[in-house]
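One-letter residues, chain by chain:
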Amino acid sequence: MKKSIFTLLLSGISFLGFSQEKEAESSKFTFSGYIDSYYMLNFNNPTNRSNLGTSGYERAFDQKSNQFSIGLVQTKFGYATKTSDVVVDLTFGPNADLGQYGNVVGPLGAGKASTALAIKQAYFNWKPSDKWTFTVGQFGTHIGYEVIDAPVNYNYSLSNLFNNGPFYHIGAKANYAFSSKSALMLGIVNNVDNLNDNNSSKGFIGQFFFAPKEGWNVYINGITSNESAPLASGKDDSGSYNLLDLTTSYQVTPKYLIGLNAAYGSQTGDFQGGGSVGDSKTWGGVALYSNYAFTDHFSLGGRYEVFDNTSGARALRGINAAGETVGTDVSSFTLTATFTTAEGHLLIKPELRTDAYKTAQFVDGDGKSQKSQATFGTVFIYKF
């Protein structure tokens, strides 16, 4: 009897050790990140050495000219098992603050110690089956072609479509994969680009993915939300923010890729305390992408974009001949070469960008108004 109990105990210990060993084999811990810095020349030679123009929204991240600048430092932690994974994406530096629009104060208030500035993403995925994935936390937006992470984009300078958001959401979403060629995501989030829900209303997000053929991916994205700040008398139900987005890319050959991003948005009433725009006003744009990999160490990427905010719904505005602040539109062209070295860890990106507006957006070194701006910079990105 004692022998049987002893044998059973040993078997249990062995089974427990075997289970822990199997769990260890099926789990995986990852650590990655990057650091980027750049030097940008502005051919208008503005005295304030800024690429932001009169409205302050002409660029997303690469804001400084005629000086060396740090962009972003990322440290990304991941842990994955067979049915779940977690991502903690922490960022630091000037672009970390800019990418956390709506989150620069932190939960403790202005001037208080906070780690909120460093949280770019913090979420977990649960995969109860091969088809279902549930996500909860703070995650990057599903809208658009480009992302905050500099190593992923072909161009360093971000598009106007990206700059006009959104950047991130806090909430929950579910993704169902019909097959390897189609999937549907639906979710509920606090609102757009905000650490704390400003009005207790919730936004709804969605994405439909399908792949018509090998190498061709299509994403139809959307969001609808009431972004109005609350009134003294209570909740403001008049505000409405809506955005429909199309993102697609096609790998024409193993070396040549083309892409497209098109978006159309509308805003009614107030947007997070920025002032009421009144009845529905719209904005939209289209960006075309092209990238050719000549070798494993050199590629050339181009982007042409038109963005229309003549209604003045978004923050990108200009000054007309009468000196009034009005909505505007812009056409932009960006050409970026990428040299890959240091065993694939170091990316060197010389980049030329031009922006042409219909309104005065810039002031040159002589104090004269300009409708266009051209910049040339060199970017250094080290990823690990």
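This one's a predicted model, so the numbers in the text were calculated from it and none came from an experiment. (Residues numbered from 1 in each chain as written. Predicted model: local features only at pLDDT ≥ 70, side-chain atom pairs only at ≥ 80, totals over all residues. Heavy atoms only, no water.)

### Some details on the confidence of the model for the chain
Logical step 1: Here the chain averages 87 in pLDDT, and 88% of its residues register 70 or above.
Logical step 2: Within the model, the stretch residues 1–20 combines pLDDT values under 50 with zero contacts to residues more than four positions away or in other chains. (pLDDT = per-residue confidence, 0-100. Contact = heavy atoms within 4.5 Å.)

### Description of the pattern of salt bridges
Logical step 1: Enumeration according to the criterion identifies eight salt bridges in this entry.
Logical step 2: The partner of Arg 353 in a salt bridge is Asp 355, with the nearest N and O atoms 3.1 Å apart.
Logical step 3: Owing to a relative accessible area of 1%, Arg 353 belongs among the buried residues under this scheme.
Logical step 4: In this structure Asp 355 comes out as buried when scored by relative accessible area, which is 2%.
Logical step 5: Several salt bridges converge on common partners, so that one network encompasses Arg 59, Asp 62, Arg 353 and Asp 355. (Salt bridge = Lys/Arg side-chain N within 4 Å of Asp/Glu carboxyl O. Buried < 20%, exposed > 50% of the residue type's maximum accessible area, 1.4 Å probe, protein only.)

### Describing the nonpolar core
Logical step 1: In terms of nonpolar packing, the biggest core is built from 25 residues, with Ile 205, Ile 223, Tyr 241, Leu 243, Trp 283 and Phe 307 touching the most fellow members.
Logical step 2: Every element with two or more residues in this core is listed here: strand S7 (182–189), strand S10 (240–251), strand S11 (256–268) and strand S12 (281–293).
Logical step 3: The element contributing the most residues to this core is S12, with three residues.
Logical step 4: The next biggest cluster of nonpolar side chains, apart from the first, holds 19 residues, and it includes Phe 61, Ile 148, Leu 158 and Phe 167. (Core = buried A, V, L, I, M, F, W, Y, C linked by side-chain atoms within 4.5 Å. Helix = DSSP H or I, 4+ residues; strand = E, 2+ residues; numbered from the N terminus.)

### Considerations on the packing of aromatic side chains
Logical step 1: According to the stated counting rule, one finds 22 aromatic pairs in the structure shown.
Logical step 2: Each ring, one from Phe 31 and one from Phe 384, has its centre 5.6 Å from the other, and the planes form 40 degrees; the classification is tilted. Taken as a pair, Phe 31 in strand S1 (residues 28–42) and Phe 384 in the segment after strand S19 (372–383) lie far apart in primary sequence, 353 residues in all.
Logical step 3: Residue classification places Phe 384 among the partly exposed positions, given a relative accessible area of 40%.
Logical step 4: Considering the side-chain rings of Trp 216 and Tyr 250, the 6.2 Å spacing of their centres and the 65 degrees angle between planes classify their relative orientation as edge-to-face. Here Trp 216 is found in strand S9 (residues 216–225), whereas its partner Tyr 250 is found in strand S10, with 34 residues between them in sequence.
Logical step 5: With a relative accessible area of 33%, Trp 216 lands in the partly exposed category.
Logical step 6: By relative accessible area, Tyr 250 is classed as partly exposed at 24%.
Logical step 7: The structure contains a cluster of three or more aromatic residues connected by ring pairs, namely Trp 126, Trp 132, Phe 134, Tyr 176 and Phe 178.
Logical step 8: Sitting above the plane of the Phe 139 ring, Lys 173 keeps its charged end 4.2 Å from the centroid. (Phe/Tyr/Trp six-rings, centres within 6.5 Å; stacked < 30°, edge-to-face > 60°. Lys NZ or Arg CZ within 6 Å of the ring centre and 35° of its normal.)

### Observations regarding the environment of Leu 72
Logical step 1: Examined against the element boundaries, Leu 72 turns out to sit in strand S2 (residues 68–80).
Logical step 2: Exposure remark for Leu 72: the relative accessible area of 2% places this residue in the buried category.
Logical step 3: Between the C-alpha atoms of Leu 72 and Gly 93, which are 21 residues apart in sequence, the distance is 5.0 Å.
Logical step 4: Beyond its immediate stretch of four places on either side in the chain, Leu 72 contacts Tyr 34, Ile 35, Asp 36, Thr 91, Phe 92, Asn 95, Ala 96 and Ile 148.

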